[in-house]
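Structural overview for review
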Amino acid sequence: MATAQVTEAPIRPVATPDSLQQITKLTRFQLYEYVRSRRFVAMLGIVAIIGVILTALVGHYRGGLVSSNIAFYGSFWGGGASFLVVLSAVIFGGDAIAGEFQNKTGYFLMGLPIRRATIYVGKFLAAFLASVVVLGFYLLILLGNGVFYFGSGALPWQLPVSLIIALVYLAAVLGTTFLFSSLFKTSAYGFALTAILFLIGFSILQALIVDLVHIEPWMVISYANSSIGNIFNPTVNWGIFGTITTTSTRIGRAAVTVTTYTAGIAESIVIMIGYLLVTAVAGLYLFEREEFT
Amino acid sequence: MPPSLEMRDLTKQYGTFTALTALNLKLEGGKCVGFLGPNGAGKTTTLKMLTDMIFPTQGECFINGLSVQTDRKRALAEAGVLIESPEIYPSLTPNQALEMVADLRGIPVPERPGRIRSALEEVKMTDWADKRVGRFSKGMKQRINIAAALVHDPSVVILDEPSTGLDPRGMAEVRTIIRGLKKSQRLIFMSSHILSEVVDVCDDVALIDRGKLLFYDTLPNVTARFSDGKSSLDLQFARPIPPDAIPGRIGALPGIGDVTFLDPRRLRIKYTGGVETQERLVESVAQMHLGLLSAAASESALEEIYLSQISRGD
Ligand SMILES: Nc1ncnc2c1ncn2[C@@H]1O[C@H](COP(=O)(O)OP(=O)(O)O)[C@@H](O)[C@H]1O
Ligand SMILES: [Mg+2]
């Protein structure tokens, strides 16, 4: 009698790829997942709307907006990039870890021979790349306008440098949203906390430190992002220490002194990398100990 | 080396509540083991520790001798896992989802199409290979989840209540699929709260209740051991059974206890002894030419064992 054992093929073990290869593979799958998601389309839509408004604004007013290529890129890239970095990081990173729990997709990955750190890093890189696409789309719209008004040869050297700073800022902000996201198991909490933190929380913190403690707010991530725009400023401070500006005004008989701090370019990069390192270590540590209950 | 799963002194506490108490269980060889217990018994807790989704408060687990706690990557490479009915990324098709699993598991590119196809064949989903998973019914998703656990042809398969939450037809389909997964070199460890499912699909059963393992044995041994020396067998006949056949002939066979009519064509026979007695009994009755159609270990007997075992702690 023929039995199942006779025709049965022997089980052949497969060699699991090393973690670096798995990170690459996972990043690709996650990026594919982001690119096909509704939130990605929504982000591109937001950038498109901003692009239309910007193009119309510049076309209508011209004047100061297009007085020089540096003024143009400085105001539109300098102003827009850090907003888009924060928005993308919240949208792509706010629930990156929390969503794996809520949607139960995490259980799919957790059954695979893959380190937890690989999952965390793969998702981080995918969110980074998805945000880069969003930033790149905005840059493309800017370049379209810039080339129209100033010609293709008139790209200021500050633009690529500012782009690099924006990418470092993106990594730092995403590191932070990932860390907070891994504290929750519900997407909404992850989104809410990171959005509140980045859209108002850090600014309030920064203001409090300046006004009440009277020190440079170098420990607040949002302090560093001004460099993305400041680099277009001819008197930019490249240093590792911030610039302190004190202005005195007289209101009635009282003299009011207002102190403002501006981060140096090197300083802001150090702050960003510091945020990235601290949040990555903390996030990985938490995720290694996270229970998929 | 035969496939194996080992749980050594495995304990899990959630705060002050102990969900699993010092579980020691070693499963070895190609077979299907049912992990049976009522809801809340600690089955999922155990399987999640076996797959490093949660961490033991104490103890350790091994898949084919590899520690899950210290080397999750190598240990899980040996296993196919389905726990908590995970969601596959909804925009993927089964082919894409299995491609992702095959890729992350390191199945060489030329082997992938064949392996993916045979995994989808095993769960009878080949017709749906290129449709998006997001629109699938629960039962279909579950079958894709099972396929995902099979792409690499694992020697150990761990399934947590694979049929739970499905409609009766879906449950029956999943059971048929699991029966089809048995291989001489594959160990299947499947949890369930449904006794008949375990009887239907598994070879061995480990009974757990309130975080404690009550016993682990083969199904026939369990029946023999726990029915006070009396097992029971339900016989189905083609024709009504002549009343005189009972005391005169069937009742005279060795080891026979009470014989009761379930209906004119069905008898329940209590007997003492294990599978050998059962075998002799069925052979003898068949030789009486009374129109014997089938003989099955009485489910209600097992049901009684199950219920009596899990209520003992009251
Ligand atoms: N995250 C958790 N926190 C607290 N208690 C839990 C948690 N997960 C499970 N439990 C408890 O542990 C016990 C066992 O649960 P579980 O392993 O899911 O049972 P089963 O899978 O056998 O139905 C239950 O009483 C359950 O309430
Ligand atoms: Mg369960």
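Residues numbered from 1 in each chain as written. Chains lettered and ligands numbered in written order. Predicted model: local features only at pLDDT ≥ 70, side-chain atom pairs only at ≥ 80, totals over all residues. Heavy atoms only, no water.

1. Quick notes on the pattern of salt bridges
Summed over all chains, the structure comprises 28 salt bridges over all chains. Close ionic contact of Lys31(B) with Asp204(B) constitutes a salt bridge, the shortest N to O distance being 3.2 Å. Of the two residues, Lys31(B) is situated in strand β3 (residues 31-36) and Asp204(B) in strand β9 (residues 204-209); the sequence distance between them amounts to 173 residues. Judged by its relative accessible area of 22%, Lys31(B) falls in the partly exposed class. Arg112(B) is the partner of Glu99(B) in a salt bridge, and the nearest nitrogen-oxygen pair spans 2.7 Å. Taken as a pair, Glu99(B) in helix α3 (residues 94-105) and Arg112(B) in helix α4 (residues 112-122) lie far apart in primary sequence, 13 residues in all. On the accessibility criterion, Glu99(B) (29% relative accessible area) is partly exposed. Via salt bridges that share partners, Lys25(A), Arg28(A), Glu99(B), Asp103(B) and Arg112(B) belong to a single interconnected network. (Salt bridge = Lys/Arg side-chain N within 4 Å of Asp/Glu carboxyl O. Helix = DSSP H or I, 4+ residues; strand = E, 2+ residues; numbered from the N terminus. Buried < 20%, exposed > 50% of the residue type's maximum accessible area, 1.4 Å probe, protein only.)

2. Looking at the sheet that holds strand β1 (residues 4-14) of chain B
Residue and element names in this part refer to chain B. The four strands are arranged β2-β1-β4-β5 in an open sheet whose pairing can be described as antiparallel. Looking at strand neighbours, the two that pair on one side only are β2 (17-28) and β5 (66-67), the edges of this open sheet. In the sheet, strand β4 (residues 58-63) pairs with β5 via two bridges, with the strands oriented antiparallel. Across the sheet, the residue bridging to isoleucine 63 is leucine 66, located in β5. Sheet contacts for helix α1 (residues 43-50): β1, β2 and β4; angle to β1, the most-contacted strand, approximately 120 degrees. (Pairing = 2+ DSSP bridges. Contact = heavy atoms within 4.5 Å. Axes fitted to C-alpha atoms, helices over the stretch in contact; angles between N-to-C directions.)

3. Overview of the site of ligand 1
Taken together, Thr293(A), Tyr14(B), Phe17(B), Ala19(B), Pro38(B), Asn39(B), Gly40(B), Ala41(B), Gly42(B), Lys43(B), Thr44(B) and Thr45(B) make up the full set of residues adjacent to ligand 1. Of the chains in the model, those with residues near ligand 1 are chains A and B. Gly42(B) is positioned with one of its backbone polar atoms (N or O) 2.9 Å from an oxygen atom of ligand 1. Within the residue set of the shell around ligand 1, elements represented by two or more residues are β2 and α1 of chain B. (Near = heavy atom within 4 Å. Polar contact = N/O pair within 3.5 Å; in protein donor to acceptor, adjacent residues only side chain to side chain.)

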